Amino acid sequence: MPLRRRWAALLLGVAVVLAVAAAGARAQDYNNGGGGDGEDEEEEEKPSFKAQEACNGAFLTYTFTEREKEYPRTKNATAQAFAFKATATVLNTMTEDLKAWQMFVGFQHKEILVTVGGAVLLDGTDLPANVSGGVTFAGYPMANLLNSIETAGDLTQIQAQIDITGTQFGVKPPTAPMPRTIKLSNPGFRCPKPTHKQSVMYVCCVKDPKFKAKKVNTTTRYLPRQKADLTIAYDVLQAFGNNYMVQVTIDNWSPIGRLDNWNLTWEWKRGEFIYKMRGAYTLNKEGPACVYSPAAGYYKDFDFTPAYSCEKRPIVVDLPPDREKDKDVGNIPFCCKNGTLLPPTMDESKSRAVFQMQVFKLPPDLNRTALYPPQNWKIIGKLNPQYACRQPVRVSPVVFPDQTGLMSSTPAVASWQVACNITRPKRRAAKCCVSFSAYYDDSIVPCNTCACGCGGGNDTATCDADARATPLPPEALLIPFDNRTAKARAWAKIKHRRVPNPMPCGDNCGLSVNWHIMNNYKSGWAARITIFNWQDYTFKDWFAAVTMRDHYSGYENVYSFNGTKMGAPFNNSIFMQGLPGLTYLEPITDGRTPEDPRVPGKQQSVISFSRKDAPNVNIAKGEGFPKRLYFDGEECALPDTIPKPSSAHRRAAAAASLGQIVMAVVLVMVVAVVDSLCL
């Protein structure tokens, strides 16, 4: 072979070898199976890899992925909105299951969540949700994370992924808008400060050895039932391929919590719909409208006419008492009380409500074990506390007595529990308010301006929603708040006080309470409580509770109501309800003539206190006024100020003191004269 051809063949062979080597190197770049330089590069791309490998607990990550500028475009960087996407993960690296996992993400850039996949918001807030102060995610549909040992390391069973889409403000690229912290919210875990590298944040949360958990049944994978002001049980009684029968039980546990005409709602997450109900009904029964729902696409030959609701968020209400024995819609224990749930301290038989539903499912949940409770539960009443409900938690199946009457029991197919707790009303979000008055001041300290809310537009066109409420004469308490302006102006003129222009708005409360200090004497003191109903609604079996301060120990009696002392957690509180025959608080009625204002329904009583156990109470400094006051479980808004002794009262007291001094001097002089005459 000629030399030139030999060199050409040699160069061709070298080129082939280099090409094969380059192909092998490229193949190693995409090797995710481990080994070689590919694993090192993968480790560099994921700085949390080593920390995850060393974690024995719950490993949490938050990864910011992308963002895009939204409309409107603005030059102010802090006001510019960005659409962002992020991913959070929870990985169980323990030898035991992580039940009902909860992950807190401390958002800090005015984030608004628009969509969330793989989880729901723990507090049940509807999307889009403002989470600028942080939010806790709860797992859905995978609420429990199994352990790696019993699943052969299957990531689909030991790890949950949360896909987040939302809006955030004020962080200009290339800076990543990261949360201030992430942590596991489950009790019994400790989480150190998370590690932050570029657009990734991660932390390993481990079990707290000092945490003493309640003893639970370790033979099941279920959590113990929770204690709350109100609980909702979701118990599946029968399960079929495409539908199931469920019983919903509402229990009121709070000694001051109450619901009237309760409305219960939730959100179906998997396309379910209600076909039949007993013990309650949906406020909107739209069977014919179901033909336009997603369910109609699958159940093509199904008769939707008798269906109760295909709404994603149905509203369920209680049946009236006359349907209690109805064989078609009633005949369920604890049903049909017209939506009234009393505290167990008043009547245990009226502190529970029960109803049953037949629920149909959609693909891919067409088997007996594919059971998912609805999420985002909410319950409200007429004039009742605000409840914050958490997401359902899987608990051990409830056991029912056998319907045949035999000495046997039947467990539910599956059970979940929703825990709801009473929340304090936000400012200007109460449903009732309190005014203060005292024997030493002839003015009334009214309810705060817009105590129960003030709307815009016409509601505040002629009044000031931010002005402080002006003092009133005593007779103004019997006049609706929207007719008190003239009284307030006239009283201010008499008392030489300035009034704002425009005048402050009313309280807009449908129910108000006046607390009046009647007297103060050596052995005790007394107050009078008056309840005013400004609504066209009769409060049946009403009750009130008042929390006093340190002088609660001097409480003696409530005379026109049935009053009792309360225990923990409502220490220093007095529970009051109407006596037999006086359990109705009547609605507002018309005046005697068309020109007269409407007259509110009213009930009142005197409450006496003794100084024997509270000798240091200072009534003149306002220690006779309550710390909190509740009506039908709702916490009423208290005034910002308390009555103070008027100048006339102080002058009278000063004059009385001077008179006493003069009288003493006169007596001394008389005694001296008598003594001189005797001598």
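Everything numeric in this text was worked out from a predicted model, so none of it was measured. (Residues numbered from 1 in each chain as written. Predicted model: local features only at pLDDT ≥ 70, side-chain atom pairs only at ≥ 80, totals over all residues. Heavy atoms only, no water.)

Before going further, it helps to spend a moment on the overall build of the chain. Of the regular secondary structure elements, the chain holds seven helices and 38 strands. Residues counted as buried form 43% of the 679 residues belonging to the chain. Here the contacts in the chain between residues at least 6 apart in sequence split such that 70% fall between residues at least 24 apart. (Helix = DSSP H or I, 4+ residues; strand = E, 2+ residues; numbered from the N terminus. Buried < 20%, exposed > 50% of the residue type's maximum accessible area, 1.4 Å probe, protein only. Contact = heavy atoms within 4.5 Å.)

Moving on, we get to the state of the cysteines. Counted according to the given criterion, the structure contains 10 disulfides. Here C463 connects covalently by a disulfide to C505, the sulfurs 2.0 Å from one another. Here the disulfide of C463 and C505 is right-handed, its torsion about the S-S bond being about 85 degrees. Of the two residues, C463 sits in the loop between β27 (441–445) and α6 (485–494) while C505 sits in the loop between α6 and β28 (511–520), which places them 42 residues apart along the sequence. Classification of C463 as buried rests on a relative accessible area of 16%. Judged by its relative accessible area of 7%, C505 falls in the buried class. (Disulfide = S-S within 2.5 Å.)

What follows is about unusual backbone geometry. A negative phi holds for most residues other than glycine; trans holds for most peptide bonds. In this structure, P72 follows Y71 across a cis peptide bond, with omega equal to 0 degrees. Relative to the elements of secondary structure, P72 occurs in the loop between β1 (58–69) and β2 (81–92). For the bond from L127 to P128, the omega torsion is 0 degrees, close enough to zero to count as cis. Relative to the elements of secondary structure, P128 occurs in the loop between β5 (119–121) and β6 (129–130). Phi is positive for N331, which is not a glycine, with a value near 60 degrees. Exposure remark for N331: the relative accessible area of 44% places this residue in the partly exposed category. Even without being a glycine, H496 presents a positive backbone phi close to 60 degrees. Relative to the assigned elements, H496 resides in the loop between α6 and β28.

This part is about the sheet that holds strand β3 (residues 102–105). With respect to topology, four strands assemble into an open sheet ordered β5-β7-β3-β9, the strand pairing being antiparallel. Strands at the two margins of the open sheet, each flanked by one partner only, are β5 and β9 (182–184). The mean angle between the axes of side-by-side strands here comes to 30 degrees, regardless of whether they run parallel or antiparallel. When β3 meets β9, the two strands line up antiparallel, connected through three bridges. Paired with M103 across the two strands is L184, which belongs to β9. (Pairing = 2+ DSSP bridges. Axes fitted to C-alpha atoms, helices over the stretch in contact; angles between N-to-C directions.)

Right, let's get into the packing of aromatic side chains. This structure, assessed with the given rule, holds 29 aromatic pairs. For the pair Y299 and F302, a centre-to-centre distance of 5.4 Å together with 55 degrees between the ring planes defines the contact as tilted. Through a chain of ring-to-ring contacts, the aromatic side chains of F273, Y275, Y298, Y299, F302, F304 and F360 assemble into a single cluster. Positioned above the aromatic ring of Y372 is the side chain of R270, whose terminal nitrogen or guanidinium carbon lies 4.1 Å from the ring centre. Positioned above the aromatic ring of Y308, the side-chain terminus of K285 is 4.2 Å from the ring centre. (Phe/Tyr/Trp six-rings, centres within 6.5 Å; stacked < 30°, edge-to-face > 60°. Lys NZ or Arg CZ within 6 Å of the ring centre and 35° of its normal.)

Counting across every chain of the model gives 19 salt bridges. Residue K207 is joined to E96 by a salt bridge in which the shortest nitrogen-to-oxygen separation is 2.8 Å. Here K207 is found in strand β12 (residues 200–207), whereas its partner E96 is found in the loop between β2 and β3, with 111 residues between them in sequence. For K207, a relative accessible area of 40% puts it in the partly exposed group. (Salt bridge = Lys/Arg side-chain N within 4 Å of Asp/Glu carboxyl O.)

Let us now look at the nonpolar core. Residues Y234, W262, L264, F355 and M357 are the most contacted members of the largest nonpolar core, which totals 38 residues. If you list the elements that add at least two residues to this core, you get β13 (230–239), β14 (243–252), β15 (263–267), β16 (273–278), β19 (352–360), β20 (375–380), β21 (386–389) and β25 (414–423). Other than its neighbours up to four places away in sequence, L264 contacts I232, V248, I250, P314, I315, V316, F355, W377, K378 and I379. Core analysis: the next-biggest nonpolar cluster, separate from the first, contains 36 residues, W542, A544, Y555 and V617 among them. (Core = buried A, V, L, I, M, F, W, Y, C linked by side-chain atoms within 4.5 Å.)

Bridge count for β2 against strand β8 (residues 159–169) is 11 bridges, and the pairing is antiparallel. Among the inter-strand pairings, T87 is bridged to a residue of β8, identified as D163. Pairing of strand β4 (residues 112–117) with β8, which is carried by five bridges, proceeds in the antiparallel orientation. Looking across to β8, one finds that I112 is bridged to T167.

Next up on the list: α6. Those residues of α6 that fall on the buried side of the exposure criterion are A488, W491 and A492. For α6, the angular spread of the buried residues around the axis is 100 degrees, confining them to a single face. Counted as exposed and oriented over 90 degrees from the buried face of α6: A486, K493 and I494. For α6, the elements touching its buried residues are β27. H496 sits one or two residues past α6 and shows a positive phi near 60 degrees. (Arc of directions from axis to C-beta.)

Attention now moves to the confidence of the model for the chain. For the chain, per-residue confidence averages 85 on the pLDDT scale, and residues scoring 70 or more make up 85% of the total. Under a pLDDT of 50 for its full length, residues 16–44 has, in the predicted model, six contacts with residues more than four places off or in other chains. pLDDT under 50 marks residues 650–679. Its contacts with residues more than four places away, or in other chains, come to one contact. (pLDDT = per-residue confidence, 0-100.)

What follows is about the sheet that holds strand β33 (residues 561–565). Spatially, the five strands line up as an open sheet ordered β33-β34-β31-β37-β38, and their pairing is antiparallel. Looking at which strands have only one partner, the edges of the open sheet turn out to be β33 and β38 (634–635). In this structure, β33 lies alongside strand β34 (residues 573–578), joined through five bridges in antiparallel fashion. By the bridge assignment for β34, G563 is matched with M576.

Its place among the elements puts D251 in strand β14. At 2.6 Å, the side chain of D251 forms a polar contact with the side chain of R352. The contact partners of D251, leaving out residues within four places of it in the chain, are D229, L230, T231, S351 and R352. (Polar contact = N/O pair within 3.5 Å; in protein donor to acceptor, adjacent residues only side chain to side chain.)

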